[in-house]
Amino acid sequence: MTPNKIILINDIESIHKIKKSSLENNKVFSFNIQSHKYLEKLNINHIIAENYLSENERIEIFDLVVHNHDWYSKIDKLKDFEFQKINLLGSLDTVEFHTYLMDEIINFFTIKKIIETEKPTIVITSLNFYKILKLITKNNVKLEIYSKNNSESLQWDKITIKQNIGRFPISFNLSRSTYTTIKKKWEKVVCSISNLWYNFNKSEQKTILFCEFYPPLYEKLLLNLKEHGFNIIFLNQRKPAVYDLDSIKTLKKCQGKIINFDHFLNSKQKNEIKVLSNNYLKKLETIFSDDDIFKSSFLFEDNSLWYIFKDKLFETYRNRIPDYVYLLYISNELFKKINISCILTLNEIGETEKSILNSKNNVPSILLEHGFGNFFPESARFNILANYSNFKDKIAVWSSNQKDFLINFHGIDSDRILVTGSPRHDNLFTNNSKISDDFTVLIAPTPITQIQGFDHTEIHLKFESTIKEIFSQLKKNKMKIIVKLHPSQSIHNEIIKKVIKEFDKNIPIHLISPVTELINTSDAVVTITPEGWAPSTVILESLILKKPVMNIILDNNLYDFQYVQDNAIFAVSSNSELNTNISKFLLDNKFRKKLISNGENFVENYLHNPMHASKYLSNIINSIQEKN
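Since the structure is predicted, the reported quantities are computational estimates derived from the model, not experimental observations. (Residues numbered from 1 in each chain as written. Predicted model: local features only at pLDDT ≥ 70, side-chain atom pairs only at ≥ 80, totals over all residues. Heavy atoms only, no water.)

1. Examining the overall build of the protein chain
Here's step 1: The helix and strand inventory of the protein chain stands at 20 helices and 24 strands.
Here's step 2: Taken over the C-alpha trace, the protein chain has a radius of gyration of 26 Å; the compact-globule value for 628 residues is 25 Å, and the two agree within 12%.
Here's step 3: Along the three orthogonal principal directions, the C-alpha set of the protein chain runs to about 85 × 70 × 45 Å.
Here's step 4: Burial statistics for the protein chain: of 628 residues in total, 57% are counted as buried.
Here's step 5: Long-range contacts, defined as pairs at least 24 residues apart, comprise 72% of the intrachain contacts of the protein chain with a sequence gap of at least 6.
Here's step 6: Computed over 79 positive and 72 negative side-chain charges, the separation of the two mean positions in the protein chain equals 5 Å. (Helix = DSSP H or I, 4+ residues; strand = E, 2+ residues; numbered from the N terminus. Rg over C-alpha atoms; globule rule 2.2 N^0.38 Å. Buried < 20%, exposed > 50% of the residue type's maximum accessible area, 1.4 Å probe, protein only. Contact = heavy atoms within 4.5 Å. Lys, Arg positive; Asp, Glu negative; His and termini not counted. Charge placed at Lys NZ, Arg CZ, Asp CG, Glu CD.)

2. Examining the pattern of salt bridges
Pairing between side chains becomes possible if they bear opposite charge and their charged atoms approach one another.
Here's step 1: Tallied over the entire structure, the rule returns 22 salt bridges.
Here's step 2: Lys-310 is paired through a salt bridge with Asp-291; the nearest N and O atoms lie 3.0 Å apart. Within this pair, whereas Lys-310 is found in helix H10 (residues 306–337), its partner Asp-291 is found in the loop between helix H9 (267–288) and strand S13 (299–300), the two being separated by 19 residues in sequence.
Here's step 3: Overall, the relative accessible area of 19% leaves Lys-310 in the buried class.
Here's step 4: The structure contains a network of salt bridges with shared partners spanning Lys-37, Glu-464 and Lys-468. (Salt bridge = Lys/Arg side-chain N within 4 Å of Asp/Glu carboxyl O.)

3. A few points about the nonpolar core
Here's step 1: Within the largest apolar cluster, 120 residues are counted, with the highest numbers of intra-cluster contacts made by Trp-71, Phe-288 and Phe-309.
Here's step 2: When residues of this core are assigned to their parent elements, the largest contribution, 15 residues, is made by H10.
Here's step 3: Those residues in contact with Trp-71 that sit more than four places away from it in its chain are Leu-78, Leu-89, Phe-97, Phe-288, Phe-294, Ser-297, Phe-298, Trp-306, Leu-313 and Tyr-317.
Here's step 4: Counting residues in each nonpolar core, the second largest holds 33 residues, with Ile-481, Leu-511, Val-572 and Leu-595 among its members. (Core = buried A, V, L, I, M, F, W, Y, C linked by side-chain atoms within 4.5 Å.)

4. Structural notes on the pairing of strand S22 (residues 524–529)
Walk down a regular strand and you will see the side chains alternate between the two sheet faces.
Here's step 1: Across the six residues of S22, six count as buried, placing the element largely inside the fold.
Here's step 2: The alternating pattern of S22 places Ala-524, Val-526 and Ile-528 and Val-525, Thr-527 and Thr-529 on opposite faces, both of which are buried.
Here's step 3: The handedness of the S22 to strand S23 (residues 549–553) crossover, carried by helix H16 (residues 537–544), is right-handed. (Right-handed = clockwise from strand over helix to strand, strands pointing away.)

5. Quick notes on the packing of aromatic side chains
Here's step 1: All told, the structure shown has 28 aromatic pairs when counted by the stated rule.
Here's step 2: Between Phe-83 and Tyr-280, the ring centres sit 6.1 Å apart and the planes meet at 65 degrees, which makes this aromatic pair edge-to-face. Pair noted here: Phe-83 is in strand S4 (residues 82–83) and Tyr-280 is in helix H9, with a separation of 197 residues, a long-range link.
Here's step 3: Classification of Phe-83 as buried rests on a relative accessible area of 8%.
Here's step 4: Residues Phe-288 and Trp-306 carry aromatic rings whose centres are separated by 5.4 Å and whose planes lie at 65 degrees to one another, so their mutual orientation is edge-to-face. Of this pair, Phe-288 sits in helix H9 while Trp-306 sits in helix H10, and the two are 18 residues apart along the sequence. (Phe/Tyr/Trp six-rings, centres within 6.5 Å; stacked < 30°, edge-to-face > 60°.)

6. Looking at the sheet that holds strand S17 (residues 394–397)
Here's step 1: Pairing is parallel across the open sheet formed by seven strands, whose spatial order is S12-S11-S10-S15-S16-S17-S18. Each end of this open sheet is capped by a strand with a single partner; those strands are strand S12 (257–258) and strand S18 (417–419). (Pairing = 2+ DSSP bridges.)

7. Quick notes on empty space enclosed by the protein
Here's step 1: Inspection of the entire model under this criterion finds three cavities of 30 Å³ or more.
Here's step 2: Considered as a void within the structure, the second largest cavity measures approximately 40 Å³ in volume.
Here's step 3: The wall of the second largest cavity is formed by His-460, Phe-463, Glu-464, Ile-467, His-492, Ile-495, Ile-496 and Val-499.
Here's step 4: Those elements giving two or more residues to the lining of the second largest cavity turn out to be helix H13 (457–476) and helix H14 (492–503). (1 Å grid on protein atoms, 1.4 Å probe; cavity = no way out; pocket = protein on both sides within 12 Å on 5 of 7 lines; lining within 4 Å. Points joined across faces, edges and corners; volume = space filled by probe spheres on them.)

Spelled out as structure tokens, the structure:
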């Protein structure tokens, strides 16, 4: 009897280890866009594995993953990891953890379906699929490993550094530890030269703590708070608050300061942190070696996937628990040493934010909306990652639409919701557009991610064909193209760069340039949105700056957002007559002028306190301080 052999490909770096005859004579399954394209290049017939899961199945997986965000709280023995009443295992960035689970669980159910359908006797696979197959196949299937590479990783294991050298985009990855070392050295040099370190010896009564903010985006708010007599301090463990010259200038204007924890931790405290960390690491090794403790963890359709996650979670916690102990320790000390009046944060799911917010005791905090959250009932489940429901203090939103949504879909008390408008966009209302001689179009693609579970080959192919179609039209009409990539860690940004360079290596790709400056120099803006429920903030910024916007939606979910109802932008599906729609947007001047007019009306009706949101919010913060 001829063995039924199948090959599962997700690692193209090691694919050469499989004989070409084996690839040609057996069923081959690709698991990502990279493996699909590589197999195409080799002229190997293959099946796109991601097509085995339906949209509804992916949504079900999303819901299951959300249910497991607090997995550590469901196991009594894991209470041993509590430090200052906070479980260290819950300190992982929620989106980072969520995305990792989504990747692995989607792979699990995809492989499970393939095995059930194909009933193979031999499977050739990679190391990180091996663990999944061992759960699914038991001993009735022979497993052959073609790749020893274990590609599973969490988002913040590596930090992507981005820079533009002229029109050429340069990006490279650093390990988390290397990045932290460089960041500390950079801060030490810049803050010492510019006198930006916070002086812990001063007794200051009115202090605002900004947690993980990029200062230039909120310059007007900072200056308004300074007028109220507040001292302003920044705590940034990820991107430094002195990231660039604009940051340094903004900090000097508002007399903002940076916290240096080495300045207030004495040698005894540093040693205590080290001892605590080592104790927790010993507990980690002991507890994670006992699989029985975790057999009821990560249950998905009665399948416990603990075995799949175990090694990566252990490695991650072993590397990061010292960081989490340090963060919680210094956060607790911070509130002892500084009389903080209010904490401002953009989320409560990051590692820094969790440490600060869990250590603050009774210090008031305000969560600022920072993205174009044009919420809609059908997309409410995906908004759960904003974690509004778990935030216990005040939430500042841009419009009454958001307030109504949070009340109706998250059950948040209306007294906790402040409709302030958007402080980060106040300056845009006084900006003057700078139009070049050439008709310039800004392309702003949102990268594909696995957060909602829709990172699959088909949408990548659609993304690529859409970009090429847009560029072809622009080239044909002799229009200037500029591209601004999203400032995220997404690997898809690298794929987008490659696609653009293959089309025309001379197209400028901006990685770190402020997007509003690029909008200002453009005559029109085209955004590409993989998932219709998540419009880019570039849309709102373009409307404020009175630019016509075309939004091309790849998943064909054209939600009836208010800006769509108001015809403020040209929203189209990538499955529609894309060529005709792009031509209409680019060549019909009357149509674009109407979009601009409708956009102005939308902004006026949607955004609260345009141009004055910073003043409004600073007055609220001042009144909170006076009450306390």
